[in-house]
Amino acid sequence: MQKNQDSKIIEVKNLTKKFGDFVAVDKINFSVKKGEIFAFLGPNGAGKSTTIKMLTTLIKPTTGEMSVNGFNPVSEQYDTRKSFGIVFQDPSLDEELTALENMNLHGVLYGIKSDLREKRMKELLSIVELWDRKDDFVKNFSGGMKRRLEIARGLLHHPKIFFLDEPTLGLDPQTRNKIWDYIKKLNVAEQTTIFFTTHYMEEAARVAQKIAVIDKGKIISCGTLEELQSQTSTTSLEDAFLKLTGYDIREEQASSIDRMRQRRKK
Amino acid sequence: MMIVYILWIRQLKRFVRNRSRMIASLANPLFMLVAFGFGFGPIFERAGGGDYINFLTPGIISQTLLFTGIFTGIELIWDRQFGFLKETFVAPVSRWQIIIGRTLGGATIAVFQGLLILLITLFIGFNPVSYFAILPALLIMLLTASLFAGLGTAIATMLDDHQGFQLVMNFLILPMFFLSGALFPLDDLPGFIKVISYINPMTYGVDALRYVLIGQSHFSIMLSVPILLTLSFATVSVGSYLFTKIEVK
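Rules of the game
Residues numbered from 1 in each chain as written. Chains lettered and ligands numbered in written order. Predicted model: local features only at pLDDT ≥ 70, side-chain atom pairs only at ≥ 80, totals over all residues. Helix = DSSP H or I, 4+ residues; strand = E, 2+ residues; numbered from the N terminus. Rg over C-alpha atoms; globule rule 2.2 N^0.38 Å. Contact = placed C-beta atoms within 7 Å. Axes fitted to C-alpha atoms, helices over the stretch in contact; angles between N-to-C directions. Parallel < 35°, antiparallel > 145°, perpendicular 65-115°, else oblique. Nonpolar A, V, L, I, M, F, W, Y, C, P; charged D, E, K, R; others polar. Pairing = 2+ DSSP bridges. Core = buried A, V, L, I, M, F, W, Y, C linked by C-beta atoms within 7 Å. Buried ≥ 20, exposed ≤ 12 C-beta atoms within 10 Å, placed from the backbone.

A. The overall build of chain B, seen in detail. Within chain B, the regular secondary structure consists of 11 helices and 0 strands. For chain B, the succession of helices and strands along the chain, N to C, is α-α-α-α-α-α-α-α-α-α-α. Its C-alpha atoms give chain B a radius of gyration of 18 Å, within 12% of the compact-globule value 18 Å for 249 residues. Along the first, second and third principal axes, the C-alpha set of chain B runs to 60 × 35 × 35 Å. When contacts within chain B are restricted to residue pairs at least 6 apart in sequence, long-range pairs at least 24 apart make up 83% of them.

If you want it as structure tokens, here you go:
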């Protein structure tokens, strides 16, 4: 079934998610090609994380269709989950465990045989330069180290698609560059599709092959950097972004989370 | 099975590494045992109740199971806050495996704590009917611990953050402990306290454990053990079911 979709590894049609009366994601359509680096941009509360959560089986859409690596995230959760790796916006490590124990737990959850697990753990931790610190507790790691560990962990099962929700938030330029170098290498070597969100426009401009801009739950533009710039007659992604989404400061992210919390209580 | 195992071992590792918590959770029941045991001992004996330390020890062990069991379940809130839960939710495993591993881990920790208390009490005057009584006692302890670990999980799925924990402590854990027959015999209680203690799951854990350790009990073991078994099956199932329904923020 993967074959007839050919090169589209993610496809989204009329995807909608409502929390009560609030429409977080409003009939969005887009597709991501296999091996592409795809940036998903938008102001706070635009619906980025909600979309990622739907694609990664964490929440169910209200209406619409999705396909991830040829699988339906709603009805084929197991196969969908095997297809992707993810680095969440907030850390999701067990701080009381060591770096290696976190990796190992992930490997077991994804059913990777122990000899292959050992090999890959060493490989990946070396790449993100944490092999020397493998037996240290994660609670003693800096923000950048935690992020690198999460990236290594997310790749342990060799996912076809790698979701990164603001992977470089709060990191210094050195760490950011290192992380992107590594992700780009992976993208070329393994043909891993990269789907990421960020607030750093120059970062998106530099690495993304295709960019979608989402605002108030709707995709307002989608294309290459050049297409976005010519569409808005601007010369930088930041200007294009501001022209598309306006200059008003958005509600804090917390409010959308609050809404979800309220929903969950019912 | 590997999934259940790795999450079980995770719980144990976290527990063993947290020395201060381990000591704190041992100190509380021991303090109770010494204060109540030696404080009320003489009166209890004069009233014809027999050796109070002997009577009290199964109650204090059950208290440990209650506190530690519920606490390990409620720890789920921390997993949610620190994001670890999301990592397990996007993994290609069923949530039942995750929560069963977690709950078993919590129950194991509680039993281990209970066993430590039991060993310590042997040095301060506790006299079980036989040392072999520890084997059936372990079984009862495992049931009680699972019951409360399941209950803690169920509560955690309904709480958003640890602020609700004080409520749980004051309106659930403490009443369950005080009104369970852990501290006093149920025989001649006023009617309404008796009713409350009869619907209190903790009562059956205490009573069964007291029976296997010192041969005294309020109910027949043929009643308390099946009740305990049913209740722990129920709380673990309900807790796990609620866990599978958690929506991620």
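B. Main features of the packing of helix 7 (residues 134–158) of chain B against helix 10 (residues 201–214) of chain B. All names here are of chain B. Two numbers describe how helix 7 lies on helix 10: the axes approach to 9 Å, and their chain directions differ by 170°. Regarding the angle of helix 7 to helix 10, the classification is roughly antiparallel. Contact residues: helix 7 offers Pro136, Ala137, Ile140, Met141, Thr144 and Leu147, while helix 10 offers Pro201, Gly205, Ala208, Leu209, Val212 and Leu213. Tallied by class, the residues present in the contact of helix 7 with helix 10 amount to 10 nonpolar, 2 polar and no charged.

C. Layout of the sheet that holds strand 3 (residues 37–41) of chain A. Residues and elements named next belong to chain A. Overall, mixed pairing links the 6 strands, which are arranged 5-6-7-3-8-9 in an open sheet. Looking at the sheet topology across the chains shown, the edges are occupied by strand 5 (84–87) and strand 9 (218–223). Sheet twist, expressed as the mean angle between neighbouring strand axes with direction ignored, is 15°. Contacts between helix 5 (residues 143–155) and the sheet are confined to strand 5 and strand 6 (161–165), with strand 5 contributing the most and set at about 170° to the helix.

D. Spotlight on the sheet that holds strand 4 (residues 63–68) of chain A. Residue and element names in this part refer to chain A. What the 3 strands build is an open sheet, ordered 2-1-4; its pairing is antiparallel. At either margin of the open sheet sits one strand with a lone partner, and together these are strand 2 (22–33) and strand 4. Strand-to-strand twist of the sheet, defined as the mean angle between neighbouring strand axes without regard to direction, takes the value 15°. Bridge analysis of strand 1 (residues 8–19) against strand 4 gives 5 bridges, and the strand direction is antiparallel.

E. Looking closely at the nonpolar core. A:Ala152 and A:Phe195 are the most contacted members of the largest nonpolar core, which totals 74 residues. Discounting residues that sit within four places of it in the chain, A:Ala152 has contacts with A:Met103, A:Leu124, A:Leu125, A:Ile127, A:Val128 and A:Leu130. Core analysis: the second largest hydrophobic core is formed by 54 residues, B:Ile61, B:Val212, B:Leu213 and B:Leu228 among them.

F. Structural context of the interface of chain B and chain A. Across the contact, 22 residues belong to chain B and 26 residues belong to chain A. For the side of chain B that touches chain A, the secondary structure elements donating two or more residues are helix 1 (2–17) and helix 5 (84–89) of chain B. Here the side of chain B that touches chain A takes 7 residues from helix 1 of chain B, the largest share from any one element. Per-class residue counts for the side of chain B that touches chain A are 11 nonpolar, 2 polar and 9 charged.

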